Amino acid sequence: MAHDLGFWTLQALNALQLSMLLFLLSIGLTVIFGLMHFVNLAHGSLYALGAYFAASLAAIGGYWMGFFLAPVAVAGVGILLYSGLIRRMRKSGPMAQVLVTFGLIFVMLDLTRIFWGDLALAIDVPTLFAGRVELLGIEYPAYRLFIIGLGLAIFAALAFVLGRTQIGAMIRAGVDNDAMASCLGINVERLFFIVFCVGCALAGLAGVVAAPLLSVTPDMGLQILIPTLIVIVIGGLGSLKGAIAGSLIYGFVQTFGAVLAPQLASVLIYALLAAVLVIKPVGLFPAKG
Amino acid sequence: MLETRNLDKSFGAVHVTRDVSLKLERGERRVILGPNGAGKTTLFNQLVGELTPDSGSVHLAGADVTALPVAKRARRGLSRSYQKNTLFDGLTVEENLGLAAAVHTGSATQLWSDSLAKPEVREIVEEVAEQVNLTDFLQARVSEVSYGVRRQLEVGVALATRPHVLLMDEPTSGVGPEMAKGFHDLLNNLPRDLTLLIIEHDMDLAFDVADTITVLNYGEVVFDGLPEAARGSSLLKEIYLGSWEDA
Amino acid sequence: MFRHNALRCTVLLLLAAAALFQALTAGYFGLEILTEILILAILVLALDIAAGFGGMVSLCHGALMGVGAYAYAILSAKAGLSPPVAMAAALALTGGCAWVIGAICARSHGIYFIMATLAFGQMAYSYVFEAPVFGGDDGLGGIARLDLSLIGVDLNDSRSFALFCLAVLGAVYGASVLILRSGLGRSLAGVMHNEQRMRALGLTVWRVKADVFGLSGMIAGLAGVLAAQHVMYISPGLLSWTVSGEALVVVILGGLGTLVGPLVGAAAFVLLKHELSALTPHWHLVVGVILIAVVMSRANGIFGWIEACWGGRAERRAAKAVRKQKTKEVLSDA
Amino acid sequence: AAEENIKVGLLLPFSGVYAALGNDIEAGFSVALEQFGSEAGTGFDIVREDTEVKPPVALGKAKKLILQDKVDVMAGVVSSGVLGAVRDMVHGAGVPLIVANAGNDEATGTSCSPYITRMSFSNGQVNRPMGQWMYDQGIRKVYTLAPDYAAGRQMIGGFAGTFTAAGGEIVGQDFTPFQKTQDFGPYLAQAKASGADAVYVFYAGGEAISFVKQYDSFGLKADLPLYGSGFLTSPLYVNAEGPAAEGVITALHYVPTLDNAANAAFVAAFEAKTGRLPSEFAVHGYDAARALVEAAKAGARDRASLADALRQVSFDGPRGKLSIDSATNNIVQPVYVYETVAGEGGLTQKVLAELPAEADPANGCEMAPVSN
Amino acid sequence: MLELSGIESGYGETQVLHGLSLEAQQGRVLAILGRNGAGKSTTLKTIMGLLPLKSGKIVFEGKPIARQPYDVAKSGIAYVPETRDIFPSLTVRENLEIAAKRFGGAAPEWTMERVLDLFPRLGERMDNGGTQLSGGEQQMLAIARGLLMNPRLLILDEPTEGLAPIIVKLIHDKLQDLKAAGLPMIIVEQNFGFATSLADDVVVVGKGQAVWTGSAEEIRADEAAQHTWLGV
Ligand SMILES: Nc1ncnc2c1ncn2[C@@H]1O[C@H](COP(=O)(O)OP(=O)(O)OP(=O)(O)O)[C@@H](O)[C@H]1O
Ligand SMILES: Nc1ncnc2c1ncn2[C@@H]1O[C@H](COP(=O)(O)OP(=O)(O)OP(=O)(O)O)[C@@H](O)[C@H]1O
Ligand SMILES: [Mg+2]
Ligand SMILES: [Mg+2]
């Protein structure tokens, strides 16, 4: 098959779009996971929850209602989780956290089944981004371009907050040594609470954004968990740079792997993960060192 | 016994080891002095292999070991203690010493016998516990003993590999005068053929135990010679020995 | 470092007695469940050796178990080797795979180690899933059980098979204790507590990790061989990461690094699952809530909770110190 | 009295990815029992077990049903893996099993059993007729896509075989990692670049929804019409697919819009019970129960007689005339080509053609008859 | 201004302090001396709320002290721990910036410039990571960080540990200045000379209790006490 330039542009955009979706998801996880050292395996469930909220809200008030309210609703669930469980778990070992969040996956999976049923739901692409756009000589679905743009915008905003502001430095300090940080008069508890909620909201946002593209099913959270973990581990925990790099690598390897080496498509990303960890045991851009 | 040739190391723009060449004879006891941040610990890390120098080489007993990993150098008789305690916190003092002795006696990877129960390991553990005054603490968990005891154990673990060359990074830092004195006695009782390289801020101790003194400043060897010469050196006084009591 | 104490011995004896009683008296479904517990127990023992005593938290033990199962199935059903030979070969193969994975992942820690092992597990899963020789996702049937008729035991009988699994589990437990008490096991404890220092003492750390991971993988492979013989049919689902995840949950639920705890965890988990799934299709929900409750009780799993009730002050202190240490280690690696 | 009742074990997934299918099958099953149960001359006791779509779990549950509950007959099984796992057990114990979904060709091929009767479909069966039909529509070059697992390969294989035999050409084929592919963008670009006249796919469940929507969002439907196995636009998912599914042409053994009396009765009863239109899965459950009733009507009561009677059932059901192929115990049924079109209450299925029933080739099935 | 009476505290079930009492006075420097493991650091950690108070009372400026480190800091106490606890993922500058607060109010106010004047070495390392500093540099940073909080009470745990004598002298001078400016301090020290030359009052801790209390001159003169309690 001879492929022209347009074909490769299209694939590059596909890769970029997948990357940005993963970025939205993994940045939330890396913020909670890397910064708070909290192993939140239930992050994928929050993503699924975001999609479900969006589906229900969209049925009432259209896509944009879901877009704006679902992340807030997921953050609300985050608040419940935080005050009920996570605050008490922050100082427990990672093993206890794995167990609790594994339990949460089970619970949330069944709760979504009880509330929304086993059948897949769907949301329509918002009319603003319906259709396709002429770009670089090809036609590309506008909604996918929207995802790319949204991902980049969130990346820029977070890079600014974490890297350039006082609050970003305080978050990192609290992560390094929360006892000492509180001795310096930093309200670590409140800081982490905010961080956790933002992380949840971002997971919810990823769910909302993914919903029109995919289908909304109870197991979507579990399905996305592994890719997300791969992204943050390839990139290195806790760093924004790592999350974006990991997402891009995942997106491009997955997309071009499917095109160039279809029989290896399912193994390729794992092989890459293993290779990265052999060469750099802490990922490409870990937070420290 | 231990030699470096033109060792050089930078962290980004910070040049921490500048062309350092040292030579320790067998049985020599050398103290490294130098202000904070002079690069003493960094030098140790390069000697044992935890850091790779940018250029230059490290020689142990005549052989170039620059490319060898930490463990292989250690098995050739190079042992160190750390400035910041690096112990097996959840285990007892006895087990801490036993692990080191087991590696030394080669029983650390055996599948068919308990290394810590071996007579040759037990013997070393008891000897070392005696040497570093830990006989009473053998059954205590490291996480539960005081800092001073941990400091002694830090040296004890290094000794339990029965090294030919022992590097000690501020062994008396943070311990009281009483323990510092005990440490002094320990040094005096160590076999004379053990080669010692010690980083120390305690002048009295340094001048007392040292056969030779090396002074580092900004990663550079600024003095290398006998203690007597060091004591009189104005350079040393200026960069280092200013004492608050003189004020 | 592994220590046997009165509490552990008591719990162990009680477990063995309960299993034996069950094996001798239970009906068909009871034996099914018992066998399931016993096989899971072998798997979680393997995982506890690596994770609880070596800090190597693995998400590929399910896959290793699958490798053992598939190796046995292919070698016995397709290559026509006799079951004992196929079994030995399967164990050797799994041990070898695990050794290589352990050696490659040795430099990673904490979550990185988990993900590295996950990667290998998923590679094995994808390969088996998509390979037509292994029956793809439809799986492979017609697997024979070991023939012990020489000593008058018919393993095709559910009761005999359950007793056989119990015997194997006993042997594996004994072997695990020996491993942990050996020079290798001691060094492993050292590596888990402070890898840097072990290296500085002259230990080739990656070898120790690889050796232990290999042994652990071999035990997981044994669980796989038994699972294949038990079900007499295997499918790629065995290698899925969720199996590893569930095993990990069982180990933590039971009590990481206690060897006895995971056994309790295996029994509790399987029984809970069966009781609940009979009651409601939403048994995941209940299991999830129970998991959360156990952790919130702040003990080191069920066994930690038993320990606390037992009340030995010294015990508790020890457990706490060790746990704290572990926490610190995994965290500082992350 | 209770002793004379036939004890039926339902082996279905009620949790896990196929829970929706399990529920639909069960609903169909009970609708049929309500509708025809009185004709059987005996009652039915139902024991349900959740397979969780995990073969070892399913086998454990099957053992429980067979050995402990001592059921006379079992029905269910959604995934082929589960069917593979329980096959030897069922065959060995001589308990009849009515397969209500799993479609792998081997089940009524090399590993067929006189005790296993399939009332659903086989993977090859529902796709094979489409090869000739599409060729007859003037389509010459086709690109195929399916998930990379046994069912995906068998479905595509069934179609490709007849399509190439008719003179068509498969210009490209992709098998996407099963349940790991959420973004079909890369594959769609490949298909577009391949120069095919049409695309033929098999996807089901969540993958089907994502696929259809993404296919539409790239604007491919106009130049490159989408065909496939009918699961792609099953009534279970088609509403989630929305307008993207309009105009997609697929083939399946059942759609709820089939125009016959039996179907009208079924649809009405099913809607009354669940408030939904029945899917092909519901009809599997429905017909499985119906077959059971037919067997009981013929006087069968115990395992052996039920097994024997089940392979001889034949009736006019919602899908048309059904019978069991005595050579393989697989169902013989017509296949319907339908287009998904906009209707009053959402999307609906417009039947374009009924392709005649055809028995599967024996596929290596050798079966001893059940002794009477 | 800070008064501890009969406090009991420790790590989990290991009780370290057994009814320790001491008092730090407004405008004065209190030195806590004692052998290794006596419980000096434990006392400070208990004050800061890092360890639970099992019994006894801690009163700061007439009010019972809060039990969360954050609230303790807010009430005007700055703490320089033995282990320094520099934040590794922050640069030196960020380590300092996040501590810059105005909780207390001892004039003159500490600003970034003043702190860098005090420790010029830090100025050269402003954009380095916190843990890329040598031990001594980290100690300077920890003290600088405490000062930037502009505390009403400064608590220092072994501020001279691992420092070259020239830096020790520098720190001594600077602490002397702070004392002159009226900043109350509590200092835990191994360096007897350093501590007693700076302090007004001295408490010797032994086995978790205050075993000797008096002025700095007294302990300097009292060789017997020195020998008994400190082993010098
Ligand atoms: N984390 C801990 N867990 C249990 N016990 C501890 C812990 N830290 C210290 N201890 C114990 O508390 C006692 C007092 O320790 P502390 O650190 O207060 O001593 P110190 O007077 O500051 O001594 P040093 O001069 O060595 O710093 C010691 O006996 C020590 O064993
Ligand atoms: N990993 C690193 N990255 C960057 N710079 C480093 C790193 N480690 C050390 N340094 C710098 O190297 C210099 C020397 O540090 P080193 O720890 O060797 O000093 P030292 O002589 O042991 O001092 P001290 O007596 O205070 O322990 C310091 O300026 C330190 O900031
Ligand atoms: Mg140093
Ligand atoms: Mg102290």
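Residues numbered from 1 in each chain as written. Chains lettered and ligands numbered in written order. Predicted model: local features only at pLDDT ≥ 70, side-chain atom pairs only at ≥ 80, totals over all residues. Heavy atoms only, no water.

Chain E carries the name ABC transporter ATP-binding protein in an unreviewed UniProt entry, which gives Leisingera daeponensis as its organism. Heading Sequence similarities (unreviewed entry) of the UniProt record for chain E holds this comment: "Belongs to the ABC transporter superfamily." (UniProt positions renumbered as here; feature names shortened; annotations may be inferred.)

Per an unreviewed UniProt entry, chain A goes by the name Branched-chain amino acid ABC transporter permease and belongs to Leisingera daeponensis. The UniProt entry for chain A carries the following comment under Subcellular location (unreviewed entry): "Cell membrane". Under the Sequence similarities (unreviewed entry) heading, UniProt states for chain A: "Belongs to the binding-protein-dependent transport system permease family. LivHM subfamily."

Asks: Just checking my understanding: could you explain the overall build of chain A for this structure?
Replies: Of regular secondary structure, chain A possesses 10 helices and two strands. For chain A, the α and β elements follow one another from N to C terminus as α-α-α-β-β-α-α-α-α-α-α-α. Whereas a compact globule of 289 residues would reach a radius of gyration of roughly 19 Å, chain A reaches 19 Å, a difference of no more than 12%. Expressed along its principal axes, the backbone C-alpha trace of chain A runs to roughly 65 × 50 × 35 Å. For chain A, the proportion of its 289 residues judged to be buried stands at 65%. (Helix = DSSP H or I, 4+ residues; strand = E, 2+ residues; numbered from the N terminus. Rg over C-alpha atoms; globule rule 2.2 N^0.38 Å. Buried < 20%, exposed > 50% of the residue type's maximum accessible area, 1.4 Å probe, protein only.)

Asks: What's the story with the coordination of the magnesium ion (ligand 3) in this structure? I'm lost.
Replies: Ideal donor angles around a metal are set by the shape: a four-donor tetrahedron calls for 109.5 degrees, a six-donor octahedron for 90 or 180 degrees. Residue and element names in this part refer to chain B. Looking at the metal site, the magnesium ion (ligand 3) is ligated by Thr41 (OG1) and Gln83 (OE1), spaced 1.9 to 2.2 Å from it. With a gap of 42 residues between them, Thr41 in helix H1 (residues 40–48) and Gln83 in the loop between strand E6 (78–81) and helix H3 (93–105) connect regions that are remote in the sequence. On the basis of relative accessible area, Gln83 is assigned to the partly exposed category, the value being 23%. (Donors = N, O, S within 2.8 Å, 3.2 Å for Na, K, Ca; no water.)

Asks: What is the right way to look at the confidence of the model for chain E in this model?
Replies: Detailed reading of the predicted model is not advised wherever pLDDT is low. Across chain E, the average pLDDT comes to 86, with 96% of residues at 70 or higher. Scoring the predicted complex yields pTM 0.85 and, for the interface, ipTM 0.83. (pLDDT = per-residue confidence, 0-100.)

Asks: Sorry if this is basic, but what is going on with the interface of chain A and chain E here?
Replies: Facing the 18 residues of chain A at the interface are 21 residues of chain E. Our enumeration of links across chain A and chain E arrives at three residue pairs in polar contact (both at pLDDT 80 or more). When contributions to the side of chain A that touches chain E are tallied by element, the ones reaching two or more residues are helix H5 (166–176) and helix H6 (178–183) of chain A. With six residues, H5 of chain A is the single largest residue contributor to the side of chain A that touches chain E. Taken together, the residues of the side of chain A that touches chain E sort by class into nine nonpolar, six polar and three charged. (Contact = heavy atoms within 4.5 Å. Polar contact = N/O pair within 3.5 Å; in protein donor to acceptor, adjacent residues only side chain to side chain. Nonpolar A, V, L, I, M, F, W, Y, C, P; charged D, E, K, R; others polar.)

Asks: Whenever I open this one, the pairing of strand E14 (residues 335–343) of chain D confuses me. Can you help?
Replies: Walk down a regular strand and you will see the side chains alternate between the two sheet faces. Residues and elements named next belong to chain D. The pairing of strand E10 (residues 249–252) with E14 spans four bridges and is antiparallel. The residue of E14 that forms the bridge with Ile249 is Glu339. Bridge count between E14 and strand E15 (residues 346–355): nine bridges; the pairing is antiparallel. Residue pairing in the sheet places Val337 in a bridge with Ala353 of E15. (Pairing = 2+ DSSP bridges.)

Asks: How should I be thinking about the packing of H5 of chain A against helix H7 (residues 188–210) of chain A in this particular structure?
Replies: When two helices pack together, their arrangement is captured by the angle between the axes and the distance separating the axes. Residue and element names in this part refer to chain A. Where H5 meets H7, the closest approach of the two axes is 10 Å, and the angle between their N-to-C directions is 105°. The orientation of H5 with respect to H7, classified from their angle, is roughly perpendicular. Side by side, H5 and H7 meet where Ile167, Met170, Ile171, Gly174 and Val175 of the first sit next to Leu191, Phe192 and Val195 of the second. Classifying every residue of the contact of H5 with H7 by side-chain character gives seven nonpolar, one polar and no charged. (Axes fitted to C-alpha atoms, helices over the stretch in contact; angles between N-to-C directions. Parallel < 35°, antiparallel > 145°, perpendicular 65-115°, else oblique.)

Asks: Honestly, the packing of aromatic side chains in this entry has me stumped. Any pointers?
Replies: How two aromatic rings sit relative to each other is given by the distance of their centres and the angle of their planes. Residues and elements named next belong to chain A. Tallying each qualifying case throughout the model produces 43 aromatic pairs over all chains. Measuring from centroid to centroid gives 5.9 Å for Tyr63 and Tyr143, while their planes differ by 90°, and the two rings are edge-to-face. With Tyr63 in helix H2 (residues 43–89) and Tyr143 in helix H4 (residues 142–164), this residue pair connects regions lying 80 residues apart in the sequence. In this pair, the class of Tyr63 matches that of Tyr143, namely buried. An aromatic cluster is defined as three or more aromatic residues linked by ring pairs; in this entry it consists of Tyr63, Trp64, Phe67, Phe68, Phe129, Tyr143 and Phe146. (Phe/Tyr/Trp six-rings, centres within 6.5 Å; stacked < 30°, edge-to-face > 60°.)

Asks: Mind showing me how you'd approach the coordination of the magnesium ion (ligand 4) here?
Replies: The protein atoms that coordinate the magnesium ion (ligand 4) are Ser41 of chain E (OG) and Glu82 of chain E (OE), at distances spanning 1.9 to 2.5 Å. Taken as a pair, Ser41 of chain E in helix H1 (residues 40–47) and Glu82 of chain E in the loop between strand E6 (77–80) and helix H3 (92–97) lie far apart in primary sequence, 41 residues in all.

Asks: It is not clear to me how the environment of Gly68 of chain C should be interpreted in this structure. Could you clarify?
Replies: Residues and elements named next belong to chain C. On the secondary structure map, Gly68 appears in helix H3 (residues 61–78). The spacing of Gly68 and Ala90 is 22 residues in sequence and 5.3 Å in space, taken between C-alpha atoms. The residues contacting Gly68, other than those within four sequence positions of it, are Ala90, Thr94, Gly221, Gly224 and Val225.

Asks: How do you make sense of the pattern of salt bridges when you look at a structure like this?
Replies: Oppositely charged side chains are able to pair whenever their charged atoms sit close together. Residues and elements named next belong to chain B. A full pass over the atoms with the stated rule returns 46 salt bridges over all chains. Across the pair Asp54 and Lys9 runs a salt bridge whose closest N-O atoms are separated by 3.8 Å. With Asp54 in the loop between H1 and strand E4 (55–60) and Lys9 in strand E1 (residues 2–11), the pair connects residues that are 45 residues apart, well separated along the chain. You can call Lys9 buried: its relative accessible area is 10%. (Salt bridge = Lys/Arg side-chain N within 4 Å of Asp/Glu carboxyl O.)

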